[in-house]
Amino acid sequence: MAEQTRAAWTAIGRATGRHRSLLIATCAALVLAAIADESTGYDGPGPFLYPAVAVVVALARGRYTPLLAAVMSALFLYGGFASPQFTSTLTHPSAVFDFTAGWVQVLSFVAAAVFAVASVIRATPTR
């Protein structure tokens, strides 16, 4: 009973049904993006920032908090596609590992944004 009461203080603990599944999927997509980003050896802030946003989405109880993940995903996608080095990695599969990791990261960001927006739409208003 104590564990159930503690879980209710988090966003995921308070959510039910599809809303809960969408929050978990958002967090999982951000963690997957961090793993893909780190696996390429890129030395930016992403591998630390993505899980931090996932923790905020999982814990913060605001209805619109998941939109933070959507905005962050959009910004990092924009930054990635603006970088010639990143787009070269996505379009030239000469290095299979970097090519795969780059596409996993892009698809994870897209998934995180879609799941985050869907979770906000699915959330019930708090009174």
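Quick note: structure is the one above.
An account of the accompanying structure is given in this report. What you are looking at is a predicted structure, and each value in this text was computed from that prediction instead of being measured.

Looking only at helices and strands, the protein features seven helices and zero strands. Traced from its N-terminal end to its C-terminal end, the protein shows the element sequence α-α-α-α-α-α-α. In terms of overall dimensions, the protein has a C-alpha envelope of 55 × 25 × 20 Å along the principal axes. Within the protein, the fraction of its 127 residues that count as buried is 33%. Intrachain contacts of the protein at a sequence separation of at least 6 include 64% that bridge at least 24 residues. Here the protein displays about 7700 Å² of accessible surface, and carbon together with sulfur accounts for 68% of that area. The centroid of the 8 positive side-chain charges in the protein is displaced by 29 Å from the centroid of its 5 negative side-chain charges.

Core analysis: the largest hydrophobic core is formed by 23 residues, its most contacted members being L30 and Y50. It is helix α3 (residues 17-39) that provides the largest number of residues to this core, a total of six residues. Setting aside residues no more than four positions away along its own chain, L30 makes contact with Y50, V53, A54, A69, M72, S73 and A112.

Together, Y64, L67, V117 and I121 line one region of the surface with nonpolar side chains, adding up to about 390 Å² of accessible area. As for its placement among the helices and strands, V117 is situated in helix α7 (residues 96-122). A relative accessible area of 36% means that V117 is categorised as partly exposed.

What counts as what
- Residue positions are given per chain, counted from 1 along the sequence in the order it is written.
- In keeping with the model being predicted, local features are shown solely for residues with a pLDDT of at least 70 and side-chain atom pairs are shown and tallied solely at 80 or more, while totals for entire chains, interfaces and linings include all residues.
- Side-chain calculation: all heavy atoms of the structure are included, whereas hydrogens and water are not.
- Runs of E in the DSSP output that reach at least two residues are strands. Runs of H or I that reach at least four are helices, and both are numbered from the N terminus.
- Partly exposed residues are those whose accessible area sits between 20% and 50% of the maximum for their type, while under 20% is buried and over 50% is exposed, using a 1.4 Å probe and protein chains only.
- For this analysis, residues touch if any pair of their heavy atoms sits within 4.5 Å.
- Each accessible area is a Shrake-Rupley estimate made with a 1.4 Å probe; only the visible protein chains count as cover when residues are assessed.
- We score Asp and Glu as negative and Lys and Arg as positive, and we do not count His or the chain ends.
- Throughout, a charge is located at the NZ atom of Lys, the CZ atom of Arg, the CG atom of Asp or the CD atom of Glu.
- Think of a nonpolar core as a cluster: buried Ala, Val, Leu, Ile, Met, Phe, Trp, Tyr and Cys residues, connected wherever their side-chain atoms sit within 4.5 Å.
- By definition, no residue in a patch forms a salt bridge, and every one has over 30% relative accessible area; like charges are joined within 9 Å, nonpolar side chains (Val, Leu, Ile, Met, Phe, Trp, Tyr) within 5 Å.
- What makes a salt bridge here is a side-chain nitrogen of Lys or Arg within 4 Å of a carboxyl oxygen of Asp or Glu, nothing more.

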